[in-house]
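Chain by chain, the residues run as shown.
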Amino acid sequence: METRVDEIAERIYRLSTFLPAVGPRGFTFNQFLVDADEPLLFHCGQRALFPSVSGAASRVMDLSRLRWITFSHVEADECGSLAEWLAAAPAATVTHGAIGCAIWLNDQSPRPPRALADGEVLDLGGRRVRRLDTPHVPHCWDAGLLHEEVTGTLFTSDLFTHVGDPSPVTGGDILGPAMAAEQQFGYTGLTLATGVTIRRLAALAPRTLAVMHGSSFSGDARPVLESLAGFYDDRLAKGAAASAR
Ligand SMILES: [Fe+2]
Ligand SMILES: [Fe+2]
């Protein structure tokens, strides 16, 4: 197992581990490291991946510098190795939305979490990340995403999930592979708010999408997010029509 490191935006690093046995064509698990005065890790990875992922992170910076650890929602690939990270990074504080702290971290975290409100900014010194509550997008009640405002990087978690081991960054189509994966796995918690929530992300007009499973995207991400919102609106409408028959 090897975790590769790629800089996908200035001082934003993608730590990517490809597991060939997961799914039909293998699957990447990506964490992101934001280098700043107060460095931040977005996603921890599963406990089994910790030696490889933390080793990759150590090639970017000394883990004693790590100040913040956060993630989108409570699942093994998002935060399974949280305890290992907190042990390796004694200066780090875990932070999550208010719901996530209430239903999970206040009880499970080895150190007390810092709750972030919807829209609250963490000034990292050279980078600024804004927490956005996105309940059930991509899934789980506690879900939230992060927007780094200096580089215009949106950390999308499982949104745009696609299979295989594609290039670290693409300016090409990530929507088609993501729609195919959604149709295959049905991983998104589709609700009446799904499209609205994704359009709120589109309005940020990100320049980079840091995708948890698959390639990151570089370019004008607004229309890509709007198209994803339309895809989910359509999927919800078709599902509602089918259940009414
Ligand atoms: Fe997930
Ligand atoms: Fe994930």
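Described below are features of the structure shown in this document. As the structure is a computational prediction, the values presented were derived from the model and not from experiment.

### Regarding the overall build of the protein
Across its full length, the protein holds 7 helices and 14 strands. With the principal axes as the frame, the protein shows a C-alpha extent of 55 × 35 × 30 Å. Counting over 245 residues, the protein shows a buried share of 53%. Within the structure as shown, the protein displays about 9800 Å² of accessible surface, and the carbon and sulfur contribution to it stands at 54%.

### Things to note about the coordination of the iron ion (ligand 1)
Protein coordination at the iron ion (ligand 1) comes from His73 (NE2), Glu75 (OE), His139 (NE2) and Asp158 (OD), with a distance range of 1.9 to 2.2 Å. Bound by 4 donor atoms, the iron ion (ligand 1) shows angles of 86 to 167° at the metal and therefore irregular coordination geometry. The motif formed by the donor residues of the iron ion (ligand 1), counted along the single chain, is H-x1-E-x63-H-x18-D. In this structure the iron ion (ligand 2) is found 3.7 Å away from the iron ion (ligand 1), and Asp158 serves as a bridging donor for the pair. Here Glu75 is found in the loop between β5 (68-70) and α2 (76-79), whereas its partner Asp158 is found in the loop between β11 (153-157) and β12 (169-170), with 83 residues between them in sequence. In this structure Glu75 comes out as partly exposed when scored by relative accessible area, which is 30%.

### Section: the coordination of the iron ion (ligand 2)
At this site the iron ion (ligand 2) is bound by Asp77 (OD), Glu78 (OE), Asp158 (OD), Met212 (SD) and His213 (NE2), with donor distances of 2.1 to 2.7 Å. Sequence positions of the donors to the iron ion (ligand 2) reduce to the motif D-E-x79-D-x53-M-H.

### Some words on the sheet that holds strand β2 (residues 12-19)
Sheet architecture is open: 7 strands sit in the order β1-β2-β3-β4-β5-β6-β7, paired in mixed fashion. This sheet does not close on itself; its edge strands, each paired only once, are β1 (3-9) and β7 (114-116). The sheet shows a mean angle of 25° between the axes of neighbouring strands, taken without regard to direction. Where β2 lies against strand β3 (residues 27-34), 8 bridges are found, and the strand directions are antiparallel.

### A word on unusual backbone geometry
The residue after Val137, namely Pro138, is reached through a cis peptide bond having omega 5°. One can find Pro138 in the loop between β9 (128-133) and β10 (144-148). Even without a glycine there, the phi angle at His136 is positive, about 70°. His136 sits in the partly exposed class, given a relative accessible area of 31%. Phi at Ser157 takes a positive value of approximately 55°, unusual for a residue other than glycine.

### Looking at the packing of helix α5 (residues 175-185) against helix α7 (residues 222-244)
At a minimum axis separation of 11 Å, α5 and α7 run at an interaxial angle of 25°. Relative to α7, the element α5 is oriented roughly parallel. When you trace α5 past α7, the crossing you get is right-handed. For the pair formed by α5 and α7, the contact residues are Leu175, Met179, Glu182 and Gln183 on the first element and Val224, Ser227, Leu228, Phe231, Tyr232 and Arg235 on the second. The residue inventory of the contact of α5 with α7, partitioned by class, reads 6 nonpolar, 2 polar and 2 charged.

### Points about the packing of helix α6 (residues 194-202) against α7
The contact between α6 and α7 brings their axes to 8 Å, and the two run at 180°. Taken together, the axes of α6 and α7 are roughly antiparallel relative to one another. For the pair α6 and α7, contact is made by Thr194, Gly195, Ile198, Arg199, Leu201 and Ala202 and by Arg222, Leu225, Glu226, Leu228, Ala229, Gly230, Tyr232 and Asp233, respectively.

### Considering the side chain of Thr156
With respect to the helices, strands and loops of the structure, Thr156 is situated in strand β11. With near-sequence residues (within four places) excluded, Thr156 lies in contact with Leu145, Leu209, Ala210, Val211 and Met212.

### Side note on the packing of aromatic side chains
Enumeration according to the criterion identifies 5 aromatic pairs in this entry. One aromatic cluster is present, built from ring pairs that chain together Phe32, Phe42 and Phe155. Above the face of the Trp68 ring, Arg67 is positioned so that its terminal group lies 4.3 Å from the ring centre.

### As for the environment of Val196
Considering the arrangement of structural elements, one finds Val196 in helix α6. Accessibility expressed as a relative area gives 57% for Val196, which makes it exposed. Sequence separation of Val196 and Val121 is 75 residues, and the distance between their C-alpha atoms is 22 Å.

Reading the values: rules and limits
- Residues numbered from 1 in each chain as written.
- Chains lettered and ligands numbered in written order.
- Predicted model: local features only at pLDDT ≥ 70, side-chain atom pairs only at ≥ 80, totals over all residues.
- Heavy atoms only, no water.
- Helix = DSSP H or I, 4+ residues; strand = E, 2+ residues; numbered from the N terminus.
- Buried < 20%, exposed > 50% of the residue type's maximum accessible area, 1.4 Å probe, protein only.
- Areas by Shrake-Rupley, 256 points an atom, 1.4 Å probe, with all protein chains shown as cover.
- Donors = N, O, S within 2.8 Å, 3.2 Å for Na, K, Ca; no water.
- Tetrahedral: all angles 85-135°; square planar, octahedral: opposite > 155°, others 65-115°.
- Pairing = 2+ DSSP bridges.
- Axes fitted to C-alpha atoms, helices over the stretch in contact; angles between N-to-C directions.
- Parallel < 35°, antiparallel > 145°, perpendicular 65-115°, else oblique.
- Left-handed = near helix turned anticlockwise from the far one by under 90°.
- Contact = heavy atoms within 4.5 Å.
- Nonpolar A, V, L, I, M, F, W, Y, C, P; charged D, E, K, R; others polar.
- Phe/Tyr/Trp six-rings, centres within 6.5 Å; stacked < 30°, edge-to-face > 60°.
- Lys NZ or Arg CZ within 6 Å of the ring centre and 35° of its normal.

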